[in-house]
Amino acid sequence: MLLEQINSPDQLKRLSVEELPKLAEEIRQFLIESLSKTGGHLASNLGVVELTIALHYLFDSPRDKMLWDVGHQAYVHKILTNRREMFPTLRQYKGLCGFPKMRESEHDVWETGHSSTSLSGAMGMATARDLKGEDNKVIAIIGDGALTGGMALEALNHIGETKKDLIVILNDNEMSISPNVGALHNHLARLRTNKSYNKIKEEVEQLLMKIPTVGAPFAKTVERIKDSLKYLVVSGVLFETLGFTYIGPVDGHKLDELMESLRLAGKTKGPVLVHVVTKKGYGYKPAENDSVVYHGVGTYKIESGAFQKKAGGAPAYPAVFGDTLVRLAANDERIVAVTPAMLTGSKLEKFQAAYPDRCFDVGIAEQHAVTFAAGLATQGIKPVLAIYSTFLQRGYDQVVHDVCRQNLPVVFAIDRAGFVGEDGETHQGIYDISFLRNQPNLVIMMPKDENELQHMLYTAVNHDGPIAVRYSKEAGVGVPMDEEFRVIPIGKSECVREGNDVAILAFGNMVPIALAASERLAADGIEARVINARFAKPLDTECLDELAREQIPVFTVEEACIAGGFGSAVLEYYAAQEQVGMVVKVLGVPDYYVEHGSIAEQRAEVGLTPDAIAEEVRRHVAQKIQKA
Ligand SMILES: Cc1ncc(C[n+]2csc(CCOP(=O)(O)OP(=O)(O)O)c2C)c(N)n1
Ligand SMILES: CC(=O)[C@@H](O)[C@H](O)COP(=O)(O)O
Ligand SMILES: [Mg+2]
């Protein structure tokens, strides 16, 4: 086994080029076996085995900087940089991170998770290198999906003009999570198939070089013909017009072709773009046949690729969203769905099948998605933007400037709200309450269960202004679903458990946890009133005033950052009412990044569990008795 000897790029470099295909085979087998037990981003990593080997064979990481865009495809990089043995802990609590992590290795020079940041980071590193008079390489590896992200295009524009020595490896597998979309994608298709251009270029070159003496100088004039040929044969070679030397297309699974192109790129001055064509899921039939399903996987049987069946139970919130939107759209032709490249994650497949002309996958382009929705809304269309909380961060200015300020009726269906588990700190959906609550006109709500989610969605599509309904990725509570939709009165909470010793104001998916805490407290003779807050904006001020009149201590609970969240809003309200005597304890996510693990482990870490909440209340009650 070659792989057992390889724990560093230096050890890799000791292999002969002839041994590399065997190493690729062993790494591929390792990925398939290891991820069958842990899950993870399988298809993307299977597609970059040869590319990653070639990069570490030819270049000198970490002196040469490698930046992995999105970073979900950096498992092979991690295997080659002394972390193979950590793979049984992949994406587990305190285990190997599923994305590049500086703390894990000096070879992880840039942390990712959100897409389209690698080119800007690379440009920063290349510029710093030149300012310091150093001469290392800077290499960004970006997928065709990530290339549709606005940041990537901003960086291409900047890099192309400055002529920095910088290598961009475009890993083009025609896939985002779903099939890639957009004009850029179509341009790449033309480039992928332009073998004829490269063929002609080589033949002309060989022919000329055969002509003694006259050949060489004449070759220069032909250079221009070749370039015009390129423009003739391959319409709009975008990258060269942007100032890059374009090399490709290169077969990303043929090591000899890859090595030759990467060597050429390493010798080429200025910005270079190597267009590598790969197959997502390469080398594992189930993943090759369906790289959408095998983009991010749970555990599976290697022989068949069959996933371990999840126990039945209540439908997950995203599935309830997808099904509800299909029902709502049947009776309201204004409704359209917009997704920034997360069609399957947001469970919009059924909507797309039912209403293909009303379902818009705009690619990895959250800024555009938000303002596209705003444009739709100005013309009487009812856009439902299905977007993960963490990815909405990428379109924040558009939420402020284009939607809320213009008071446009856009529905933000904020999925993956709260902890997300294995994707970890780059993907936690815990900041949206804070960054949205400061926006005038916007309503922010979260259901206590899947039945209330359908009613909140119904309320949202009938609301005349910007409105956000957030929900987690988890399974619902397991309550019956009402046949008929009903409107949830905006700003109205509901009491789900009576009690007069303390009040727990729970937001969204924290309601079941708060109820469980109240049962523990009841056993101690402490009667907790549990309020399903429903709205972080506008607050149910009548409810808050009542609690103040009764001078009941308040515990707010949210699976979101404490700073600026729902509890902060309650504090602000009481402060504004000069209710100085009111006791308000805000329970939520403290001021640090919560890393990967299970959602349960993340909640336990920050104290969002029935036991921890009950303990907080007991501690307060004990202090009160002590003071009395
Ligand atoms: C800003 C942002 N939006 C969406 C995502 C979700 N996402 C993760 S990987 C991916 C597709 C990436 O496609 P590509 O860059 O082509 O990589 P491939 O998986 O094909 O190797 C998407 C949409 C993300 N990580 N970051
Ligand atoms: C790498 C990335 O950002 C996506 O693949 C993300 O991991 C999807 O998350 P879900 O699995 O929750 O859809
Ligand atoms: Mg891709």
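Residues numbered from 1 in each chain as written. Chains lettered and ligands numbered in written order. Predicted model: local features only at pLDDT ≥ 70, side-chain atom pairs only at ≥ 80, totals over all residues. Heavy atoms only, no water.

An unreviewed UniProt entry lists the protein chain under the name 1-deoxy-D-xylulose-5-phosphate synthase, with Laceyella tengchongensis as the source organism. According to UniProt, the comment filed for the protein chain under the heading Subunit (unreviewed entry) is "Homodimer." Within the UniProt record for the protein chain, the comment given under Sequence similarities (unreviewed entry) is "Belongs to the transketolase family. DXPS subfamily." (UniProt positions renumbered as here; feature names shortened; annotations may be inferred.)

Novice: Give me the lowdown on the confidence of the model for the protein chain, citing residues and values where you can.
Specialist: A residue-level look at the protein chain finds 93% of positions with pLDDT of 70 or above and a mean pLDDT of 94. Throughout residues 231-236 the model reports pLDDT below 50, and contacts reaching past four residues in sequence, or to other chains, amount to 13 contacts. Confidence estimates for the predicted assembly give a pTM of 0.94 and an ipTM of 0.99. (pLDDT = per-residue confidence, 0-100. Contact = heavy atoms within 4.5 Å.)

Novice: Can you lay out the sheet that holds strand β13 (residues 502-506) for me, pointing to particular residues and giving the numbers?
Specialist: Strand order in the open sheet made by the five strands is β12-β14-β13-β16-β17, with mixed pairing throughout. Because the sheet does not close on itself, it has two edges, and the strands there are β12 (494-497) and β17 (584-589). Adjacent strand axes in the sheet meet at a mean angle of 25° when their direction is disregarded. (Pairing = 2+ DSSP bridges. Helix = DSSP H or I, 4+ residues; strand = E, 2+ residues; numbered from the N terminus. Axes fitted to C-alpha atoms, helices over the stretch in contact; angles between N-to-C directions.)

Novice: Hey, could you go over the UniProt feature "binding site: thiamine diphosphate" (unreviewed entry) in the protein chain for me, with residue numbers and the actual values?
Specialist: Residues given the UniProt feature "binding site: thiamine diphosphate" (unreviewed entry) here are H72, G113, H114, S115, G145, A146, N173, Y284 and E366. An extended arrangement is adopted by the annotated residues: their sequence extent is 295 residues, and the largest C-alpha distance between any two is 31.7 Å. For G145, a relative accessible area of 4% gives the class buried. Apart from the residues within four sequence positions on either side, G145 is in contact with M175, S176, N180 and I364. Accessibility expressed as a relative area gives 7% for Y284, which makes it buried. (Buried < 20%, exposed > 50% of the residue type's maximum accessible area, 1.4 Å probe, protein only.)

Novice: Let's hear about the packing of helix α21 (residues 511-523) against helix α25 (residues 610-627): which residues, and what values?
Specialist: Interhelical geometry of α21 versus α25 gives an angle of 55° and a closest axis separation of 8 Å. The angle between α21 and α25 places the two elements in the oblique class. In this structure, α21 crosses over α25, and the sense of that crossing is right-handed. Facing I513, A516, A517, R520 and L521 of α21, the residues of α25 in contact are P610, D611, I613, A614, V617 and R618. Considered class by class, the residues forming the contact of α21 with α25 number eight nonpolar, no polar and three charged. (Parallel < 35°, antiparallel > 145°, perpendicular 65-115°, else oblique. Left-handed = near helix turned anticlockwise from the far one by under 90°. Nonpolar A, V, L, I, M, F, W, Y, C, P; charged D, E, K, R; others polar.)

Novice: Just give me the short version of the domain arrangement of the protein chain, but keep the residues and values in it.
Specialist: Each domain of the protein chain was delimited in the assignment, giving domain 1 (3-194 + 234-289), domain 2 (195-233), domain 3 (317-470) and domain 4 (494-627). Each of domain 1 and domain 3 has a C-alpha centre, and these two points are 32 Å apart. Every contact between the two is made by 20 residues of domain 1 and, on the other side, 18 residues of domain 3. Surface buried jointly by domain 1 and domain 3 totals about 1400 Å² across both partners, of which 48% is contributed by carbon and sulfur atoms. Taken together, the links from domain 1 to domain 3 amount to two salt bridges. R91 is the partner of D423 in a salt bridge, and the nearest nitrogen-oxygen pair spans 2.7 Å. Inspection of the region where domain 1 meets domain 3 yields seven residue pairs in polar contact (both at pLDDT 80 or more). The residue makeup of the side of domain 1 that touches domain 3, split by class, is five nonpolar, 13 polar and two charged. (Domains from an automatic or database assignment. Buried area = accessible area lost by both parts, 1.4 Å probe. Salt bridge = Lys/Arg side-chain N within 4 Å of Asp/Glu carboxyl O. Polar contact = N/O pair within 3.5 Å; in protein donor to acceptor, adjacent residues only side chain to side chain.)

Novice: Go over the sheet that holds strand β11 (residues 467-470) with me, naming the residues and quoting the values.
Specialist: Sheet strands line up and pair through hydrogen bonds in the backbone, either parallel or antiparallel. Pairing within the open sheet is mixed, and its seven strands lie in the order β7-β6-β8-β9-β11-β10-β15. Two strands bound the open sheet, and with one partner strand each, they are β7 (359-361) and β15 (535-537). Pairs of neighbouring strands in the sheet enclose a mean axial angle of 20°, with direction left out of account. Both strand β9 (residues 411-415) and β11 contribute to a ladder of four bridges, which runs parallel. Note that in β11 the partner of F412 across the bridge is A468. Sitting on the sheet, helix α14 (residues 317-330) touches β6 (335-339), β8 (382-388) and β9, and the angle it makes with β6 is about 145°.

Novice: Give a description of the coordination of the magnesium ion (ligand 3) that names residues and reports values.
Specialist: The protein atoms that coordinate the magnesium ion (ligand 3) are D144 (OD), N173 (OD1) and M175 (O), at distances spanning 2.0 to 2.2 Å. We note that the donor set of the magnesium ion (ligand 3) lies within a single chain, spaced as D-x28-N-x1-M. Here N173 and M175 have matching classes, each one buried. (Donors = N, O, S within 2.8 Å, 3.2 Å for Na, K, Ca; no water.)

Novice: Tell me about the environment of F372, and please be specific about residues and values.
Specialist: Within the secondary structure, F372 is located in helix α16 (residues 366-377). Using a relative accessible area of 23% as the deciding quantity, one classes F372 as partly exposed. Sequence separation of F372 and G508 is 136 residues, and the distance between their C-alpha atoms is 28 Å. In contact with F372, not counting residues within four places along its chain, are V338, F360 and V362.

Novice: Summarise the pattern of salt bridges; cite the residues concerned and give the values.
Specialist: Where charged atoms from two side chains of opposite charge approach closely, those side chains can pair. Taken as a whole and assessed by the stated rule, the structure comprises 40 salt bridges. Note that R63 is salt-bridged to D135, the shortest N-O span being 2.2 Å. Of this pair, R63 sits in the loop between α4 (49-58) and β1 (65-68) while D135 sits in the loop between α6 (118-132) and β2 (138-143), and the two are 72 residues apart along the sequence. Judged by relative accessible area, which is 42%, R63 ranks as partly exposed.

Novice: Just give me the short version of the site of ligand 2, but keep the residues and values in it.
Specialist: Inspection of the region around ligand 2 gives 13 residues, with H295, Y388, R416, D423 and H427 positioned closest. A distance of 2.7 Å separates an oxygen atom of ligand 2 from a polar atom in the side chain of H427. Computed on the free molecule, ligand 2 has an accessible area of 360 Å², of which 82% lies beneath the protein chains in the complex. Of the residues assigned to the shell around ligand 2, the class counts are five nonpolar, five polar and three charged. Both domains that furnish three or more residues to the shell around ligand 2 are identified here as domain 1 (3-194 + 234-289) and domain 3 (317-470). (Near = heavy atom within 4 Å. Areas by Shrake-Rupley, 256 points an atom, 1.4 Å probe, with all protein chains shown as cover.)

Novice: Now, about the pairing of strand β3 (residues 166-172): what can you tell me, with residues and values included?
Specialist: Of all the seven residues making up β3, seven are buried; the element is thus mostly covered by neighbouring parts of the structure. What you see with β3 is no split at all: L166, V168, L170 and D172 on one side and I167, I169 and N171 on the other are buried throughout. You can see the chain leave β2, run along helix α7 (residues 150-162) and come back into β3, and the turn it takes is right-handed. Where β3 lies against strand β5 (residues 271-277), seven bridges are found, and the strand directions are parallel. (Right-handed = clockwise from strand over helix to strand, strands pointing away.)

Novice: Which residues make up the site of ligand 1, and what are the values?
Specialist: Around ligand 1, a shell composed of 23 residues is seen, among which H72, G145, N173, K280 and E366 lie nearest. In this structure, G145 approaches ligand 1 through a main-chain N or O atom, which is 2.7 Å from an oxygen atom. N173 is positioned with one of its side-chain polar atoms (N or O) 2.8 Å from an oxygen atom of ligand 1. About the coverage of ligand 1: the protein hides 97% of its 580 Å² of free accessible area. Here the residues of the shell around ligand 1 are counted per class, giving eight nonpolar, 11 polar and four charged.

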